[in-house]
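Fold and geometry: a report
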Amino acid sequence: MVLKTFGWSFAVTALGLVAAVFYGGWTAFGIVAILSILEISLSFDNAVVNAGILKKMNAFWQRIFLTIGILIAVFGMRLIFPVVIVAVSAQLGPIEAVDLALTDKERYQELVTDAHPAIAAFGGMFLLMIFLDFIFEDREIKWLGWLERPLAKLGKIDMLSVCIALIVLLITAMTFATHAHLHAGPANKAETVLLSGVAGLITYMIVGGLSGFFEDKLEEEEEREHEQEEEAKRTGKPVMLLAGKAAFFMFLYLEVLDASFSFDGVIGAFAITNDIVMMALGLGIGAMYVRSLTVYLVRQGTLDEYVYLEHGAHYAIGALAVILLITIQYEISEIITGLIGVVLIAASFWSSIRRNRALAAAEGKAGSDDKTEVSSGV
């Protein structure tokens, strides 16, 4: 079952890592591996959501999502989107950006370095909004309760995350940007950081708005599905899976959702490396696993039991946001950047395992106590 579901992902992983070694040696191997792990972890909750929606669609639309959908996800968002970001930031054509990255790495690196403040400000704000909206939301399951409980209370203040993000952007522009020495000069640097940061904030709000629109469509379809289930109980007819217009809306919703999740992976990747080849390899491998995991969850009929992974992934997003903003002026090793995210995700994974063991032990103890009471009563 596992090999059948993840076979293509394993094959792409092997090819991608071998290509990384040939491209840039063992350093490239390590960076691609870290990017893959981060992409999988940051998009983990996406796979869970995808599985919950995909199981409601008929076989035809499931195949569409797993074929055309994966082309959009892997080639569109993970391979083309990083090139577009570099091309726009460095004011290059997409073909020219790819050509420079492959044939004139020194010139490409120079252009990306000059464009880095814009990329870092845009990406830092986008990721920071994801993190802030997560930690200010009151959740039933809390990983770091001592921190998340008071933040959830603060989150009741309207637009708090936007206000904090804008304050962070202003501080960044007034400190890091004005002290940096680039060809354009400090004043232009501060303006670039402000404009790019605001663009990142607007992009986040647009993506969130589109996701909200399709979520409303999903709720309408779920209400309709509930009515069908009630009718099926009365008449004895089988429940129909989503097809036609309803399934098409769900397909669009899944693609918008995947795009929004891939934003954090792609932008976070810029905190680890500027090399679009390594970025494409790492994010492409990660995207394959996210799709395979979606299929696995659908076929198994269960959602993941490691409840703190989503928390760990969002704390990693927050760390990447801060690192991106710091790199506007200071250089940070991509290995350190990648390991911070991996450590946070690994810690949340281990906490999930400990929680599951504690719950199992508590259930076992409760069961044995019940048996003892029954035996005593007899």
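Residues numbered from 1 in each chain as written. Predicted model: local features only at pLDDT ≥ 70, side-chain atom pairs only at ≥ 80, totals over all residues. Heavy atoms only, no water.

**Quick word on the overall build of the protein chain**
- In terms of regular secondary structure, the protein chain is built from 12 helices and zero strands.
- Residues classed as buried in the protein chain amount to 47% of the 378 residues present.
- Summed over its atoms, the accessible surface of the protein chain is roughly 19,300 Å², and 66% of this surface lies on carbon and sulfur atoms. (Helix = DSSP H or I, 4+ residues; strand = E, 2+ residues; numbered from the N terminus. Buried < 20%, exposed > 50% of the residue type's maximum accessible area, 1.4 Å probe, protein only. Areas by Shrake-Rupley, 256 points an atom, 1.4 Å probe, with all protein chains shown as cover.)

**Focus on a negative patch on the surface**
- There is a patch of like negative charges on the surface, built from E96, D99, D104 and E106.
- Along the chain, E96 falls in helix 4 (residues 94-103).
- You can call E96 partly exposed: its relative accessible area is 43%. (Patch = residues over 30% accessible without salt bridge, like charges linked within 9 Å, V, L, I, M, F, W, Y side chains within 5 Å. Salt bridge = Lys/Arg side-chain N within 4 Å of Asp/Glu carboxyl O. Lys, Arg positive; Asp, Glu negative; His and termini not counted. Charge placed at Lys NZ, Arg CZ, Asp CG, Glu CD.)

**Some words on the nonpolar core**
- Membership of the largest hydrophobic core comes to 38 residues, with the highest contact counts inside it found for Y108 and F270.
- Top contributing element to this core by residue count: helix 1 (residues 2-42), with nine residues.
- Sequence-distant contacts of F270, that is, excluding residues within four places in its chain, are made with P82, I85, V86, I119, M279 and L324.
- Counting 33 residues, the second-largest nonpolar core is a separate cluster that includes L132, F134, L320 and I323. (Core = buried A, V, L, I, M, F, W, Y, C linked by side-chain atoms within 4.5 Å. Contact = heavy atoms within 4.5 Å.)

**Quick notes on the confidence of the model for the protein chain**
- The predicted model of the protein chain has a mean per-residue pLDDT of 75, with 71% of residues at 70 or higher.
- The weakest mean pLDDT in the protein chain belongs to helix 2 (residues 44-54) at 63; the strongest belongs to helix 6 (residues 145-154) at 84.
- The low-confidence segment residues 181-185 (pLDDT under 50) makes four contacts with residues lying over four places distant or belonging to another chain. (pLDDT = per-residue confidence, 0-100.)

**Overview of the environment of I85**
- Within the secondary structure layout, I85 lies in helix 3 (residues 59-90).
- Overall, the relative accessible area of 12% leaves I85 in the buried class.
- For the pair I85 and A115, spaced 30 residues apart in sequence, the C-alpha separation works out to 9.7 Å.

**Some remarks on the pattern of salt bridges**
- This model, assessed by the stated rule, comprises two salt bridges.
- A salt bridge links D138 to K142, with the shortest nitrogen-to-oxygen separation between them at 3.2 Å.
- Looking at D138, the relative accessible area reads 54%, which means it is exposed.

**Topic: the environment of L154**
- Locating L154 in the fold gives a position in helix 6.
- Since its relative accessible area comes to 42%, L154 is described here as partly exposed.
- C-alpha separation for the pair L154 and F136, spaced 18 residues apart in sequence, amounts to 6.7 Å.
- Excluding its chain neighbours within four sequence positions, the residues that come into contact with L154 are F136 and L160.

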